[in-house]
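# Descriptive analysis of the structure
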Amino acid sequence: MIYSPHTPPSKTEPRISVGKALELILAEARYELPVERVPLAESLGRVVAEKLYARHSLPAVLSAQVDGIAVRFDDRTSLPDRTEDRPFAFVGTGTALPEGFDTVVRAEDLEIAADGTLRILEEPCEKGACTLPPGWELRKGEVLIPPDLRLEPQHLGLLAAGGHSEIPVLRRPLVAVLPTGDELVPQGSMPGPGQNIDSNSALFAGYLKGVGAEPLLYPITADDPVLLAERLGDALSKADMVLINGGSSRGHRDFTVSVVAGLGRVLSHGLNAAPGKPVLLAIIEGKPVVGVPGPALAAWYALENLVGPIVSRFLAQPPQERRSVKAILTRELRLEGFLKEALLSLRVLLSRDGEGRYLVSPYPLKNSMVTNFVRSDGILRIPEGVAGYDKGDEVEILLLYPQAIIEKRMEKRQLQTLDESEVF
Ligand SMILES: Nc1nc2c(c(=O)[nH]1)N[C@H]1C(S)=C(S)[C@@H](COP(=O)(O)OP(=O)(O)OC[C@H]3O[C@@H](n4cnc5c(N)ncnc54)[C@H](O)[C@@H]3O)O[C@H]1N2
Ligand code: MOO
């Protein structure tokens, strides 16, 4: 299959690689977030803003590690031991040993006879056996969590054990989303002739939440540079980063570039990427501003390649990575012209061959409806400079769903139980 660009870029248009564009915006914008305190139960997935220490020791005193009896080690006699006259106390796992006791005998190593007398079948081998000394779990003042850690459920347990109920975290980056275009109507409206639903705002909101940001959704802005400049100003006064959606290309109503250039510094306009070529990256008042193309697929790649990593930078995290699988190409791919020089992202379907290996079939590039995107299993990214692949070559596929879900999708397709028009 030969891929060629459907909108060849002009020869004079300066374009840079996606990697270089990301490097520039990461190096040149300001990435600072204020700290807020949230209840421990709501801190999952949040990024801790400062080092957190244990506020007390656990256990506070010598405690039992198992269910059994507490004894004094020095009271032991030869085995088996009739112990009705030996002092002991029943203890449960995690409870404190009563004063004067130093060792625990496991319930399995005891016998209580019918007459109520207690025998120790297996004497503890050392003083302190089956106990936990004070501070064994946590020592007061020890570091529990370093700064910049994204909290997982196990960290929440540790912080609770260490005496924390409110956690200082980085505020989620607030990302303003400005949909633009005279042809757009809000979600829930019936689109008339020439109208399109602002579906990208929903896509953006979901994507942003998924990477740990807080979307600030604006109403649709008409194709009017004055209105756009006003909205942009408002967004910059509230948000940490601004996404302007649509109007990024070269149509007579595409004002994004001129408005942004009037307010700040444009770092790049045009990426060596397909889809996702007309992406605008700029800095206004130290804040990153991204002009995201209108077509949903191009928009998604801009989110994935640039916006996600920028949000991660705000949160002092490495960019989130998708799971990938190796797959065998079912046909050759030859790239021509601009596509050979660009980072090409192709949507793919996966299946399996008789040996259980993944097979991969890419969709044609032009087939860029958002519904078809939802139907794809993953993405084949072809780096800049690669002219194509042969049939049978092994390539890496980034998965759009968890692997178990992909397996189910493949199974359904193989059984042909999928309705042709089904979108899932
Ligand atoms: N002469 C040229 N035309 C185009 C070029 C080019 O190089 N020369 N590039 C093409 C490429 S590639 C892309 S990608 C698009 C970029 O378009 P814009 O970012 O300027 O977006 P619009 O023109 O405003 O809209 C395009 C399309 O997307 C729909 N859209 C916009 N916003 C939304 C939204 N919030 N929700 C859903 N859909 C949205 C819009 O209705 C249009 O259908 O330009 C090519 N043209
Ligand atoms: O392919 Mo454009 O670069 O995103 O429609």
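Refer to the structure above for everything that follows.
This one's a predicted model, so the numbers in the text were calculated from it and none came from an experiment. (Residues numbered from 1 in each chain as written. Chains lettered and ligands numbered in written order. Predicted model: local features only at pLDDT ≥ 70, side-chain atom pairs only at ≥ 80, totals over all residues. Heavy atoms only, no water.)

What follows concerns a nonpolar patch on the surface. A cluster of nonpolar side chains, Phe88, Phe90 and Ile112, forms an exposed patch at the surface whose accessible area comes to about 320 Å². Locating Phe90 in the fold gives a position in strand S7 (residues 89–91). Given a relative accessible area of 58%, Phe90 falls into the exposed group. (Patch = residues over 30% accessible without salt bridge, like charges linked within 9 Å, V, L, I, M, F, W, Y side chains within 5 Å. Areas by Shrake-Rupley, 256 points an atom, 1.4 Å probe, with all protein chains shown as cover. Salt bridge = Lys/Arg side-chain N within 4 Å of Asp/Glu carboxyl O. Helix = DSSP H or I, 4+ residues; strand = E, 2+ residues; numbered from the N terminus. Buried < 20%, exposed > 50% of the residue type's maximum accessible area, 1.4 Å probe, protein only.)

Looking now at the sheet that holds strand S5 (residues 68–71). Where strands meet in a sheet, backbone hydrogen bonds hold them as pairs that are either parallel or antiparallel. Here 3 strands make up an open sheet; going across it, the order is S7-S5-S8 and the pairing antiparallel. Bordering the open sheet on either side are S7 and strand S8 (103–106), each of which pairs with just one other strand. Within this sheet the neighbouring strands show an average axis-to-axis angle of 40 degrees, counted without direction. With 4 bridges connecting them, S5 and S8 associate as antiparallel partners. By the bridge assignment for S8, Val71 is matched with Thr103. (Pairing = 2+ DSSP bridges. Axes fitted to C-alpha atoms, helices over the stretch in contact; angles between N-to-C directions.)

Now for the environment of Gly100. Mapped onto the fold, Gly100 is located in the loop between S7 and S8. For the pair formed by Gly100 and Ser237, sequence separation is 137 residues and the distance between their alpha carbons is 66 Å.

Glancing now at the site of ligand 1. As a matter of local geometry, ligand 1 sits amid 22 residues, with Glu183, Asp198, Gly247, Ser248 and Ser249 nearest to it. In the model, a nitrogen atom of ligand 1 is placed 3.5 Å from a nitrogen or oxygen of the Ile197 main chain. Asp198 places a side-chain nitrogen or oxygen 2.8 Å from a nitrogen atom of ligand 1. If ligand 1 stood free it would expose 870 Å²; the protein chains cover 72% of that surface. Classifying every residue of the shell around ligand 1 by side-chain character gives 7 nonpolar, 10 polar and 5 charged. (Near = heavy atom within 4 Å. Polar contact = N/O pair within 3.5 Å; in protein donor to acceptor, adjacent residues only side chain to side chain. Nonpolar A, V, L, I, M, F, W, Y, C, P; charged D, E, K, R; others polar.)

Close contact between helix H1 (residues 18–28) and helix H6 (residues 296–314) brings their axes to 10 Å; oriented N to C, the two are set at 30 degrees. Between H1 and H6, the crossing angle belongs to the class labelled roughly parallel. In the packing of H1 onto H6, the handedness of the crossing is right-handed. Residues Val18, Ala21, Leu22, Ile25 and Leu26 of H1 lie in contact with H6, whose contacting residues are Asn305, Leu306, Pro309, Ile310 and Arg313. When its residues are assigned to classes, the contact of H1 with H6 shows 8 nonpolar, 1 polar and 1 charged. (Parallel < 35°, antiparallel > 145°, perpendicular 65-115°, else oblique. Left-handed = near helix turned anticlockwise from the far one by under 90°. Contact = heavy atoms within 4.5 Å.)

Turning to H1, a few remarks are in order. All buried positions along H1 are accounted for by Val18, Ala21, Leu22, Ile25 and Leu26. One side of H1 holds all its buried residues, which, seen down the axis, span an arc of 125 degrees. In this structure, the buried residues of H1 make contact with strand S19 (265–269), strand S20 (273–274), strand S21 (280–284), strand S22 (287–292), H6 and strand S25 (343–352). (Arc of directions from axis to C-beta.)

Glancing now at the pairing of strand S27 (residues 378–382). When you tally the buried positions in S27, you get 4 out of 5 residues, the bulk of the element. Two strands pair when backbone bridges link them, and S25 and S27 are joined in this way by 5 bridges, in the antiparallel orientation. Opposite Ser345, over in S27, you have Arg381 as the bridge partner.

If you walk through the whole model with that rule in mind, you get 18 salt bridges. Its salt-bridge partner being Asp234, residue Lys238 comes within 2.9 Å of it at the nearest N-O pair. In this pair, Lys238 and Asp234 are both assigned in helix H4 (residues 225–238), 4 residues apart and thus about one turn of the helix distant. For Glu332, the salt bridge goes to Arg334, with nearest N and O atoms at 3.3 Å. Given a relative accessible area of 34%, Glu332 falls into the partly exposed group. A single network of salt bridges, built from pairs that share partners, joins Glu332, Arg334 and Asp390.

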